[in-house]
Structures are given as structure tokens and as C-alpha cells.
Amino acid sequence: MGWTRRAAIGGMAAALAGGAQAMDRPDAEPFTFELQNRVFQQRRMPFLAVYGGARPRLGFVAALHAVDPASATFKLVDTGFERVAPRRLILEGFTHDWGDNPRQIAALAARRTDPQADAFTRSESVFAAARALERGVPFRGGELGEPDLVDRLAASGFARQDLLNVMLIKVLDQDHNGGVFTKPEGPAFEAAFDRWAGILSSTHGAPAPSVAQFQTWYQDRFGTALADDPDWRRRAWPGQPGLGGRIAQAQGLERDRFLLARIREAAASDPSVLVVYGGSHLASLWTALSADFGPPEIIGPEAA
């Protein structure tokens, strides 16, 4: 792309970003499954949303989290590179504060095909980072730092121990998806639990619970034993009834507001941006992104 065209696109993007100061731009919406069904109009994830017509300015891979390179989500990441020709990537799962091409993620990308690696190392985010490194395209996390996120949620009235324990459900769900354990009990589960409890204690400002303490908390909050609950993974999904759903929805809204700001920031300086995030985040941002960039073209996995 020549400098003149690039400057013109950059100027239009900057004007769009600057216009936000003169008008109210749509914000992220709190996620519910009703919202997702309404805006996706029966489209099933994963899919790629391409904004900007013949000269795409934004691509958003609405992922179903995966660890298999043969999955539709991984194929759509490659399709996103082909269709959008991104000059920048924004990826789920690590903090924006780490800057461009953080060495922590580059190190994971180098071992993402190791079958013994954890679920995040084998995820679509790290796959996309590896593809970006191969192509010399800068990538950056789209996440608010965990301590800042926890502080915001605690200030809104949630107890830090509840925030930590609900996050434990979320990360253990991901480990379950990655095959680390098959049910929420036993040695493999307890090893994963202890690892994550230690990590999350440092970011949540609350003590790491033991497995027994967590089981007691779970029984108190959800009225059933963890090991006997067929819906344990859904307890921390946004839109679900109960404490876990309320925390997940509030957490998701804070994350999506931050992500929207990062997308708008990137679009003001880069002619094309590719975002790789779980599809629920696109549902929350659908109205705002359509207002900014126009309605998207939807590319399903069958075209990937």
C-alpha cells in the first residue's frame, strides 16, 4: 500500500476517532444469550465478521475456543489474515499492558504444538500470535490487567473471594475443554485447581482456597456439591442465574468496554485490524462496531 493511500486511510480513521468526542458512540452491551441470538440472527459460531467492504478495515474472528489446529476457529484465523490483510492483531487472553509482541506469548507460540502444553498455549489466541510473528504483523493483548479488573468489580460490591472462586470455575472450564481433567474431582482436577488458585490469589487480593474450602463455598453458593453438578461449567457463564452469572456478566462488560476502546484506538492508527476473541464478545460489541464501521460481511467456517 502506498504512503498516500495509507495516510488517507489513517486520516479518515483519526477523524472517526476524533468524532467520538463530539457525539455519543454506542458502548458495549451487557452480554446475555438473548442479545447474542438477536444480533447474530441464528448464525452459529465460529465465524468471521469483516467490516469495511472491499477494503476491509476490521476483521473479528468470533471464536469457539479451541485447541485443535484442524478446528473451524483456527481455519477462520487464517481466513482473517487472507481477507483483512491486517496491520495489527488484538488477541484475547493477555493484558494490553504487555505491549506489542510480548515475549511471554512469543515463547508460548514456539511450543503451541506440544501436546503436553496447557489449553491457553494451544489456543486460537496463541495460534494467531504465531501466524502474526510469521508475517511480521504486530499483535497485542486486548485485556484489562487482572488486578485492575478485580479492583473495578470489587468497587462495584462483589467480594474478592467470590470473584476469585468464580474465576476458578472459568479457568477450570478451559482446562476441562483442553482435556486436562474429565470431571471436577480427582488428582488431575486437584492439581489444576491448586495451580490456578495460587495464580489467581496474587491477582485477586484474596487467599488461595484449598479444594475442600472451594467445595464448601460452591455448595453454599449454588446449593449442590461440585462433583455432583452436571452444570458446574455453566455456573460462571454470563447470563446464567445466580452469583456466578452476575459476576461473569459484570466482568464481561468491563472487558468488552476495554476491548472496544482498544479496537477504536487501533483503527485510528492502523488501516486494517484483526481481532480474535470468543464470539460472546462480538455479541456485546455488535451494535458499537456496526455503528463505527458499517454492517459486516459474515464468513462461516464452510468458507474457511
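Structural data are supplied above this passage.
Calculation criteria
Residues numbered from 1 in each chain as written. Predicted model: local features only at pLDDT ≥ 70, side-chain atom pairs only at ≥ 80, totals over all residues. Heavy atoms only, no water. 1 Å grid on protein atoms, 1.4 Å probe; cavity = no way out; pocket = protein on both sides within 12 Å on 5 of 7 lines; lining within 4 Å. Points joined across faces, edges and corners; volume = space filled by probe spheres on them. Helix = DSSP H or I, 4+ residues; strand = E, 2+ residues; numbered from the N terminus. Buried < 20%, exposed > 50% of the residue type's maximum accessible area, 1.4 Å probe, protein only. Polar contact = N/O pair within 3.5 Å; in protein donor to acceptor, adjacent residues only side chain to side chain. Pairing = 2+ DSSP bridges. Axes fitted to C-alpha atoms, helices over the stretch in contact; angles between N-to-C directions. Phe/Tyr/Trp six-rings, centres within 6.5 Å; stacked < 30°, edge-to-face > 60°. Parallel < 35°, antiparallel > 145°, perpendicular 65-115°, else oblique. Contact = heavy atoms within 4.5 Å. Nonpolar A, V, L, I, M, F, W, Y, C, P; charged D, E, K, R; others polar. Expected span 1.5 Å × (residues − 1). Bend = angle between axes of the 7 residues up to and from the residue.

Moving on, we come to empty space enclosed by the protein. Using the criterion set out here, one finds two cavities of 30 Å³ or more in the structure. Within this model, the second largest cavity holds a volume of roughly 30 Å³. Every residue along the wall of the second largest cavity is listed here: Glu146, Leu149, Val150, Leu153, Leu163, His204, Ile247 and Gln251. Those elements that provide at least two residues to the lining of the second largest cavity are helix H6 (146-155) and helix H10 (243-267). The element that contributes the greatest number of residues to the lining of the second largest cavity is H6, accounting for four residues.

Considering the arrangement of structural elements, one finds Asp229 in the loop between helix H9 (211-222) and H10. With a relative accessible area of 6%, Asp229 lands in the buried category. A distance of 2.5 Å separates polar atoms of two side chains, one belonging to Asp229 and the other to Tyr218.

Looking now at the pairing of strand S5 (residues 273-278). Regular strands have side chains that alternate between both faces of the sheet. When you tally the buried positions in S5, you get six out of six residues, the bulk of the element. Across six bridges, strand S2 (residues 58-63) lies against S5 in parallel orientation. For Val61, the partnering residue across the bridge sits in S5 and is Val276.

Quick look at the sheet that holds strand S3 (residues 88-95) now. On the basis of which strands lie adjacent, the open sheet formed by six strands has the order S4-S3-S5-S2-S1-S6 and mixed pairing. Of all the strands in the sheet, the pair left with one neighbour each is strand S4 (139-143) and strand S6 (297-299). Taken pair by pair, the neighbouring strands of this sheet meet at an average axis angle of 25°, ignoring direction. Taken together, the four bridges between S3 and S4 define a ladder with parallel strand orientation.

Glancing now at the side chain of Ser123. Mapping Ser123 onto the fold places it in the loop between helix H4 (103-110) and helix H5 (124-135). By relative accessible area, which is 9% here, Ser123 ends up buried. Here Phe120 takes part through its backbone oxygen, which lies 2.6 Å from a polar atom of the side chain of Ser123.

Turning next to the packing of aromatic side chains. Scanning the entire structure with this criterion turns up 16 aromatic pairs. Taken together, a centroid distance of 4.6 Å and an interplanar angle of 35° make the contact between Phe74 and Phe127 tilted. Note that Phe74 is positioned in helix H3 (residues 72-84) and Phe127 in helix H5, a separation of 53 residues in sequence. A relative accessible area of 4% means that Phe127 is categorised as buried. With centroids separated by 6.1 Å and ring planes inclined at 40°, the aromatic side chains of Phe189 and Phe193 adopt a geometry described as tilted. Of the two residues, Phe189 and Phe193 both sit in helix H8 (residues 187-204), four residues apart, roughly one turn of that helix. Relative accessible area serves as the criterion here: at 2%, Phe189 is assigned to the buried category.

With their axes 10 Å apart at the nearest point, helix H7 (residues 160-177) and H10 run at an angle of 90° to one another. Of the possible angle classes, the one that applies to H7 and H10 is roughly perpendicular. For the pair H7 and H10, contact is made by Asp162, Leu163, Val166, Met167 and Lys170 and by Leu243, Gly244, Ile247 and Gln251, respectively. Along the lines of polarity and charge, the residues of the contact of H7 with H10 split into five nonpolar, two polar and two charged.

What follows deals with helix H11 (residues 279-293). The end-to-end C-alpha distance of H11, which contains 15 residues, comes to just 18 Å, noticeably less than the 21 Å that a straight helix rising 1.5 Å per residue would cover. At Leu285, H11 shows its maximal kink, close to 60°. Within H11, 12 of the 15 residues are buried, which leaves it mostly tucked inside the rest of the structure. Directly beyond the C-terminal end of H11, a positive phi value near 90° is found at Gly294.

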